[in-house]
Amino acid sequence: MTIISILPDWSTIGLFERIFWYMAIPTTLILVLLMVLAIFGGDTDTDVDTDVDTDISDGDSIPFQFISLKNIVAFFAVFGWSGVGFIRAGMTPGLVILLAFLCGLLMMLLMATLFYLMSRLAENGTLKMSNAIGKLGEVYLKISAKRGGMGKVQISVQGSVRTLDAITDDLEDIPTSSIVQVVDVIDDSILLVKKQGN
């Protein structure tokens, strides 16, 4: 079966079915283009200001975007195709519109949920420095006493070992290979550590 064979004979269908075809074909092409752009990093999704913020465990929030460009296009694509299918199944116009509308809404919900979960996975992979507080690490580059110079610490945060900048309030320098504990995070980017045992 080719794409051409799927298309109807325009001379034999009524205006009601044509409307659904006119919505289904262009919106499907646009949706495919948007998905390709999203996959290859050219996502230009335009969100409408009706997002619902959903809190996650660390206090940050990722918007659940129900009404967005991709979702609206997906709605009309599914609305059109399901409408064509329901018409060919012999349903009445009122029932066709109702069922096609429900199918479009379901598609919007599925798309919004999919992109929400993808965003949450990406967010979970982002380093949150506050997760390092209380953890032990090993000094990679010497840390000068009394915040006199910045060193580096290797520490396991969020399931991976990272090398992060660190300073200390200790009265003596902390040499390489010493074990330290993170007591705070300065400016969301620098660990404040103390030598283990101090």
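Residues numbered from 1 in each chain as written. Predicted model: local features only at pLDDT ≥ 70, side-chain atom pairs only at ≥ 80, totals over all residues. Heavy atoms only, no water.

## Describing helix 2 (residues 15-39)
Part 1 of the reasoning: Counted at 1.5 Å a residue, the expected span for helix 2 with its 25 residues is 36 Å, and the 36 Å between its end C-alpha atoms agrees.
Part 2 of the reasoning: Here helix 2 has its buried residues at Glu17, Phe20, Trp21, Met23, Ala24, Thr27, Leu31 and Leu34. (Helix = DSSP H or I, 4+ residues; strand = E, 2+ residues; numbered from the N terminus. Expected span 1.5 Å × (residues − 1). Buried < 20%, exposed > 50% of the residue type's maximum accessible area, 1.4 Å probe, protein only.)

## Observations concerning helix 3 (residues 69-88)
Part 1 of the reasoning: The end-to-end C-alpha distance of helix 3, which contains 20 residues, comes to 29 Å, matching closely the 28 Å that a straight helix rising 1.5 Å per residue would cover.
Part 2 of the reasoning: After helix 3 finishes, the residue Gly90 shows a positive phi value of roughly 90°.

## Examining the nonpolar core
General note: in soluble globular proteins, nonpolar side chains tend to be found buried as a group.
Part 1 of the reasoning: Counting residues in hydrophobic clusters, the biggest one holds 15 residues, and the most contacted among them are Ile143, Val153, Ile155, Leu191 and Val193.
Part 2 of the reasoning: Where this core is concerned, the elements lending two or more residues are strand 4 (151-157), strand 5 (160-168), strand 6 (179-186) and strand 7 (190-195).
Part 3 of the reasoning: Residues Ile13, Phe20, Phe79 and Phe86 belong to the second largest nonpolar core, which totals twelve residues. (Core = buried A, V, L, I, M, F, W, Y, C linked by side-chain atoms within 4.5 Å.)

## A look at a nonpolar patch on the surface
Part 1 of the reasoning: Side chains of Met91, Leu95, Leu98, Phe101, Leu102 and Leu105 sit close together on the surface and give an oily, nonpolar patch of about 480 Å² of accessible area.
Part 2 of the reasoning: Looking at where Met91 falls in the secondary structure, it is placed in the loop between helix 3 and helix 4 (93-124). (Patch = residues over 30% accessible without salt bridge, like charges linked within 9 Å, V, L, I, M, F, W, Y side chains within 5 Å. Areas by Shrake-Rupley, 256 points an atom, 1.4 Å probe, with all protein chains shown as cover. Salt bridge = Lys/Arg side-chain N within 4 Å of Asp/Glu carboxyl O.)

## Structural notes on the packing of aromatic side chains
Part 1 of the reasoning: According to the stated counting rule, one finds six aromatic pairs in the structure shown.
Part 2 of the reasoning: Each ring, one from Trp21 and one from Trp81, has its centre 5.3 Å from the other, and the planes form 80°; the classification is edge-to-face. With a gap of 60 residues between them, Trp21 in helix 2 and Trp81 in helix 3 connect regions that are remote in the sequence.
Part 3 of the reasoning: Among the residues examined, Trp81 registers a relative accessible area of 34% and is labelled partly exposed.
Part 4 of the reasoning: Grouping aromatic residues by their ring pairs yields a cluster made of Phe16, Phe20, Phe75, Phe76, Phe79 and Phe101. (Phe/Tyr/Trp six-rings, centres within 6.5 Å; stacked < 30°, edge-to-face > 60°.)

## Focus: the pattern of salt bridges
Part 1 of the reasoning: This model, assessed by the stated rule, comprises four salt bridges.
Part 2 of the reasoning: For Lys142, the salt bridge goes to Asp173, with nearest N and O atoms at 3.6 Å. Note that Lys142 is positioned in the loop between strand 3 (136-141) and strand 4 and Asp173 in the loop between strand 5 and strand 6, a separation of 31 residues in sequence.
Part 3 of the reasoning: The partly exposed category is assigned to Lys142, whose relative accessible area is 45%.

## Here we look at the sheet that holds strand 7
Part 1 of the reasoning: The sheet built from five strands closes into a barrel, its strands ordered 3-4-5-7-6 with mixed pairing. Each strand axis lies, on average, 55° off the axis of its neighbour in the sheet, ignoring direction. (Pairing = 2+ DSSP bridges. Axes fitted to C-alpha atoms, helices over the stretch in contact; angles between N-to-C directions.)

## Regarding the confidence of the model for the protein chain
Part 1 of the reasoning: When pLDDT is averaged along the protein chain, the result is 80, and 78% of the positions lie at 70 or above.
Part 2 of the reasoning: Within the protein chain, the lowest mean pLDDT, 41, falls on strand 1 (residues 52-55), and the highest, 93, falls on strand 7. (pLDDT = per-residue confidence, 0-100.)

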